[in-house]
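# Examining the three-dimensional arrangement
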Number of protein chains: 2
Amino acid sequence: MKCKRCTARAEVQLRAHNVAFCRPCYLFFFRRQVERTIAAHRMLAPTERVLVAVSGGKDSLALWDVLVELGYDTAGLYVGLGIGDYSDASRVKVEAFAGARGLPLRIVTLEDEAGGLAVPSVAGATRRPPCSAYGTMKRHYYDAAALEGGFDVLATGHNLDDEAARLLGNVLRWQTDYLARQRPVLQPSHPKFVRKVKPLFLLGEYETAVYAFMRGIDYVVEECPNAVGATQLVYKDALDRLEHASPGTKLGFVKEFARKAQATFASAEPPDARACAGCGMPSYGELCSFCNLVREVETKRARAAARVSA
Amino acid sequence: MKCKRCTARAEVQLRAHNVAFCRPCYLFFFRRQVERTIAAHRMLAPTERVLVAVSGGKDSLALWDVLVELGYDTAGLYVGLGIGDYSDASRVKVEAFAGARGLPLRIVTLEDEAGGLAVPSVAGATRRPPCSAYGTMKRHYYDAAALEGGFDVLATGHNLDDEAARLLGNVLRWQTDYLARQRPVLQPSHPKFVRKVKPLFLLGEYETAVYAFMRGIDYVVEECPNAVGATQLVYKDALDRLEHASPGTKLGFVKEFARKAQATFASAEPPDARACAGCGMPSYGELCSFCNLVREVETKRARAAARVSA
């Protein structure tokens, strides 16, 4: 098979796009796809300071790499979840990536924050699923770090497979409030929040993996141990089968949703936020969801300690 | 396992509803589900004359059986497609069903109509997929038979699996115009059309099969030979896997769409129809889509004949 751009021997074939590329042309293609997505959705302006949320996986490191290549002013943000070996390995990869390129990196470690809020202990104390506890904490630290560092925008590495799986889950239950908020660009609902963007939302898992491999990026290959059996993986499997039967299915599903259907779900603006009595970040109740979670953990731990000493 | 209603030994288990029933209670459950669907969506009034489209398969014969049991004034309509042995076998089952119960049955045979419009020859002449040619012709004969017989409403046997697969296909491409029309009740857009209803749209393939079996209904088990490899079957397979991982997925998908999401897609009323220059039925162009199809077949046949004699 030949490269579509230069007719050299192709190294990668993309069935969804019905093209094949050699290595240099694939890197060109990938970067141009990201550039076009950023432009089409007005994700970033050239002078803005971008905080890139990096997990140590292929998607977020590929995103950081592309944004640097495209000339954006970036810094990385790593939130350590305290999930044993998995978190240790992730942090090593992120630090190595940033160190080798001389890129600024901020690190937040959950077990060092607010009384040891590592994901496993929070999930255990509150009986919430780990991913739910993580989501609430992650959002808080992303917002806090972006505010503190004076960043204009937060970029995350969500890829097409992530977005398609999330969209399928939201559609199967017709969760219209979630559908109203599933966008590649989320404008801040408060001056203390920043814009949130997903520049890889139209590029598949396979495409980001090939990019990371070709660029020699060393990333954590293992899935998070908490992901085993997650509903998200059932949706990904169903979508993989649909994609196999009809290449381009995922791209059409996510792209057409953003283009045609999302607006029909977009509801009224969110209510005005006030300052959280705990952390001072914007909140729709007395406490924000992060501080509510922290209070819940503290209450349960105090009760457990009282039972032990009684 | 015990029957949920009477605690006798259960014969059928429904994972989506998380219940099990003995035979008499299952028949009671099934009929009550249909009754509730009819009432909730105002599908039928007690005195209306109902034309039931029957194919010879389990769904449409189960529907006719339930409607008779519920006391509706019904007649069957069988449209013979001319698909060889499959059509012959279907017709025999339908005639046997109606004959044994003394129910009125209308039969339209495509090869006897308008110059031999059997599905295989129309599909061959126009190079349309058979199911597309069939859809256009079927709709025409359903409308014409309902008008001619003075019926108030046309009922079809579409089940939950059919509706879920169709919904998934429409959602994966975000075909908002199709989503706007995917409803369990379609009000007539013209006085010559009748209301169209799908009383089984919340009952699964397995549930109608069990009902047909328990009622001793003899139906065509084979799928239409044209269905092999159809995209619809890929959607059904994906949905079966999602249902297996989380029972009730299909029911939630279709039910919540009707309840919450369908209205967001419902567009403006269709434009005013005029009389088709060919058949006199309502049409949005000079010819309706059926007469357009007939003209296309005739033109292509005439050209082919001219080539042969030249």
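Before going into details, it helps to say that this report is about the structure given with it. These numbers come from a predicted model, not from an experiment.

### Here's the deal with the relation of the copies chain A and chain B
When chain A is fitted onto chain B, the two copies agree to an RMSD of 0.0 Å after a turn of 180 degrees and an axial shift of 0.0 Å. Here the symmetry operator amounts to a two-fold rotation axis. Residue alanine 238 of chain A, judged by its C-alpha, is the member of chain A lying nearest the rotation axis, at 2.7 Å. When the interface residues of chain A are mapped onto chain B, 100% of them are again interface residues, pointing to one common binding face.

### Concerning the side chain of histidine 190 of chain B
Residues and elements named next belong to chain B. You can see histidine 190 is positioned in the loop between strand E7 (185-186) and strand E8 (195-197). At 3.0 Å, the side chain of histidine 190 and the backbone nitrogen of lysine 192 are in polar contact. Beyond its immediate chain neighbours, meaning those up to four positions away, histidine 190 contacts Ala273 and Pro282.

### Thoughts on a negative patch on the surface
On the surface, a cluster of negative charge is contributed by Asp85, Asp88, Glu111 and Asp112 of chain A. Accessibility expressed as a relative area gives 67% for aspartate 85 of chain A, which makes it exposed.

### Concerning the sheet that holds strand E5 (residues 105-109) of chain A
Within a sheet, each strand pairs with its neighbour through backbone hydrogen bonds, oriented either parallel or antiparallel. All names here are of chain A. Taken together, the six strands give an open sheet; going across it, the order is E5-E4-E3-E6-E8-E7, and neighbouring strands pair in mixed fashion. Among the strands making up the open sheet, the edge pair consists of E5 and strand E7 (185-186). Sheet topology places E7 next to strand E8 (residues 195-197); two bridges connect them, and they run antiparallel. In the strand pairing of E8, leucine 186 is matched with lysine 196. Across the sheet, helix H2 (residues 58-69) lies against strand E3 (49-53), strand E4 (73-80), E5 and strand E6 (153-155), angled at about 160 degrees from E3, the strand it touches most. Taken strand by strand, helix H3 (residues 84-101) contacts E4 and E5, and its axis lies near 165 degrees from that of E5.

### Points about the pattern of salt bridges
Scanning all chains against the criterion turns up 38 salt bridges over all chains. Residue aspartate 161 of chain A pairs with lysine 250 of chain A through a salt bridge whose shortest N-O separation is 2.6 Å. One end of the pair, aspartate 161 of chain A, is in helix H6 (residues 160-172); the other, lysine 250 of chain A, is in helix H10 (residues 249-265), and 89 residues separate them in sequence. Residue classification places aspartate 161 of chain A among the buried residues on the basis of a relative accessible area of 9%. Residue lysine 236 of chain B pairs with aspartate 162 of chain B through a salt bridge whose shortest N-O separation is 2.9 Å.

### Points about the packing of H2 of chain A against helix H8 (residues 205-214) of chain A
Residue and element names in this part refer to chain A. Contact pair H2 / H8: the axes reach a minimum separation of 9 Å and the direction vectors enclose 60 degrees. Our pair here, H2 against H8, has a crossing hand that is left-handed. Seen from H2, the contacting residues are Lys58, Asp59, Ala62, Asp65, Val66 and Glu69; seen from H8, they are Glu205, Thr208, Ala209, Tyr211 and Ala212. Looking at side-chain class alone, the contact of H2 with H8 contains five nonpolar, one polar and five charged residues.

### Remarks on the environment of alanine 263 of chain B
All names here are of chain B. Looking at the element boundaries, alanine 263 is found in helix H10 (residues 249-265). Take alanine 263: its relative accessible area is 60%, and that puts it in the exposed class. The spatial distance from the C-alpha of alanine 263 to the C-alpha of leucine 179 is 9.2 Å, given a sequence separation of 84 residues.

Quick notes on the rules
- Residues numbered from 1 in each chain as written.
- Chains lettered and ligands numbered in written order.
- Predicted model: local features only at pLDDT ≥ 70, side-chain atom pairs only at ≥ 80, totals over all residues.
- Heavy atoms only, no water.
- Least-squares fit on C-alpha atoms with pLDDT ≥ 70 in both.
- Contact = heavy atoms within 4.5 Å.
- Helix = DSSP H or I, 4+ residues; strand = E, 2+ residues; numbered from the N terminus.
- Polar contact = N/O pair within 3.5 Å; in protein donor to acceptor, adjacent residues only side chain to side chain.
- Patch = residues over 30% accessible without salt bridge, like charges linked within 9 Å, V, L, I, M, F, W, Y side chains within 5 Å.
- Areas by Shrake-Rupley, 256 points an atom, 1.4 Å probe, with all protein chains shown as cover.
- Salt bridge = Lys/Arg side-chain N within 4 Å of Asp/Glu carboxyl O.
- Lys, Arg positive; Asp, Glu negative; His and termini not counted.
- Charge placed at Lys NZ, Arg CZ, Asp CG, Glu CD.
- Buried < 20%, exposed > 50% of the residue type's maximum accessible area, 1.4 Å probe, protein only.
- Pairing = 2+ DSSP bridges.
- Axes fitted to C-alpha atoms, helices over the stretch in contact; angles between N-to-C directions.
- Left-handed = near helix turned anticlockwise from the far one by under 90°.
- Nonpolar A, V, L, I, M, F, W, Y, C, P; charged D, E, K, R; others polar.

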